[in-house]
Amino acid sequence: MENNSFDNNTIGQIVTNDFRAAEIFKKAGIDFCCGGNQSIADACNEKGIDPEVIVSELAVLAEQDTGRGNNFNAWDLDFLCDFIVNTHHSYVRKKLPELIFYTQKIASVHGDSHPELHEVQELFEGINKELSQHMQKEEEVLFPAIKQALKETDENVYQIIRSEISRMSDEHEFAGTSMDKIRSLTRNYSVPEDACNTYLVALKTLEQFEDDLHIHVHLENNILFPKALAKTDIK
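Read on for an overview of the structure. (Residues numbered from 1 in each chain as written. Predicted model: local features only at pLDDT ≥ 70, side-chain atom pairs only at ≥ 80, totals over all residues. Heavy atoms only, no water.)

In total, this model carries 11 salt bridges according to the counting rule given. Here Lys26 makes a salt bridge to Asp211, at a shortest N to O gap of 3.0 Å. Taken together, the residues span a long stretch of sequence, with Lys26 in helix H2 (residues 21-28) and Asp211 in helix H8 (residues 197-232) at a distance of 185 residues. Since its relative accessible area comes to 38%, Lys26 is described here as partly exposed. (Salt bridge = Lys/Arg side-chain N within 4 Å of Asp/Glu carboxyl O. Helix = DSSP H or I, 4+ residues; strand = E, 2+ residues; numbered from the N terminus. Buried < 20%, exposed > 50% of the residue type's maximum accessible area, 1.4 Å probe, protein only.)

Following this line, the structure appears as structure tokens:
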């Protein structure tokens, strides 16, 4: 595959077409979920990365056997909705209270020597509030509307989908930006020499949470939402 074959695709489209590409962007620190509407050139310019390095890695990947990985883009929307709830919403609901405890604990114990932990605590409290409400609205309003739209033509349902997706996209941006700030404040989740075990676990869990959030938001922003919106586009 030639390098210029990626020129007309956004990062989100590239990951949608081959989810294995997410690991290449993650390694380079390039956002493929909330920032997935960028070109490779623009994203690399922001990070000070040679885009040819990324394109070369993607070209090598494209020549490899895709194996039996999940082709999320081929899934029916109702199945994708259920997958998001059962996999990502379930994970988030489990980890939110754990991370609220951890971030409060390390801010209390280590906040004097690491004052940035107080801001980490505040940021995660905002994420906790936002995502808890966000997931409930998806499960009670948006996802049922998408499933209904697959069965019948109803402009009222279509309007619900359009308005909810607009709001959900803004909430994704809030959560993604907050996690970006946490990553920056913790210097990419680096564990300081004076850290206790709780500190170590907190940073590791935050990093895992961010990784899951990137996949979660990618599935919605780059696959579910565009396809649901296309369904509402009455000709």
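A complete count under the given rule lists 8 aromatic pairs for this structure. Taking 5.3 Å as the distance between ring centres and 85° as the angle between the ring planes, the aromatic pair formed by Phe19 and Phe72 counts as edge-to-face. Here the residue Phe19 occupies a position in the loop between helix H1 (11-17) and H2, and Phe72 occupies one in the loop between helix H4 (51-63) and helix H5 (77-110), the gap between them amounting to 53 residues. With relative accessibility at 24%, the residue Phe19 sits in the partly exposed group. With relative accessibility at 7%, the residue Phe72 sits in the buried group. A ring pair is formed by Phe124 and Phe209, whose centres lie 5.4 Å apart and whose planes are at 70°; its orientation type is edge-to-face. Taken as a pair, Phe124 in helix H6 (residues 116-149) and Phe209 in helix H8 lie far apart in primary sequence, 85 residues in all. Taken together, Phe19, Phe72, Trp75, Phe79 and Phe83 form an aromatic cluster joined through their ring pairs. (Phe/Tyr/Trp six-rings, centres within 6.5 Å; stacked < 30°, edge-to-face > 60°.)

To continue, consider the state of the cysteines. Cysteine pairs can be covalently joined through their sulfur atoms, and such a bond is termed a disulfide. On inspection of all chains with the given rule, the structure shows 0 disulfides. Cys44 carries a free sulfur, and the closest cysteine sulfur to it, the one in Cys33, is 16 Å from it. (Disulfide = S-S within 2.5 Å.)

A few words now on the packing of H2 against H4. In the contact formed by H2 and H4, the axes pass within 10 Å of each other and the chain directions differ by 155°. By the angle class used here, H2 and H4 are roughly antiparallel. In the crossing of H2 with H4, the sense of the turn from one axis to the other is right-handed. Note on element contacts: H4 touches H2 through Ile54, Glu57, Leu58 and Leu61, opposite Ala21, Ile24, Phe25, Lys27 and Ala28. Of the residues that constitute the contact of H2 with H4, the class distribution is 7 nonpolar, no polar and 2 charged. (Axes fitted to C-alpha atoms, helices over the stretch in contact; angles between N-to-C directions. Parallel < 35°, antiparallel > 145°, perpendicular 65-115°, else oblique. Left-handed = near helix turned anticlockwise from the far one by under 90°. Contact = heavy atoms within 4.5 Å. Nonpolar A, V, L, I, M, F, W, Y, C, P; charged D, E, K, R; others polar.)

Within the largest apolar cluster, 28 residues are counted, with the highest numbers of intra-cluster contacts made by Phe124, Ile127, Leu131, Met179, Ile182, Leu206 and Phe209. Those elements that place two or more of their residues in this core are H5, H6, helix H7 (155-185) and H8. Setting aside chain neighbours within four positions, we find Leu131 in contact with Val92, Ala175, Phe209 and Leu213. (Core = buried A, V, L, I, M, F, W, Y, C linked by side-chain atoms within 4.5 Å.)

Counted at 1.5 Å a residue, the expected span for H6 with its 34 residues is 50 Å, and the 46 Å between its end C-alpha atoms agrees. By the largest-angle criterion, Glu138 marks the main kink of H6, which is about 45°. (Expected span 1.5 Å × (residues − 1). Bend = angle between axes of the 7 residues up to and from the residue.)

For the rest of this paragraph, the subject is the environment of Phe209. Among the residues examined, Phe209 registers a relative accessible area of 1% and is labelled buried. Sequence spacing of Phe209 and Asn45 is 164 residues, and the spatial spacing of their C-alpha atoms is 27 Å.

On the surface, a cluster of nonpolar side chains totalling about 210 Å² of accessible area is made up of Val191, Leu200 and Val201. Tracing the backbone shows Val191 in the loop between H7 and H8. Residue classification places Val191 among the partly exposed positions, given a relative accessible area of 41%. (Patch = residues over 30% accessible without salt bridge, like charges linked within 9 Å, V, L, I, M, F, W, Y side chains within 5 Å. Areas by Shrake-Rupley, 256 points an atom, 1.4 Å probe, with all protein chains shown as cover.)

Keep in mind these values describe shape, not function.
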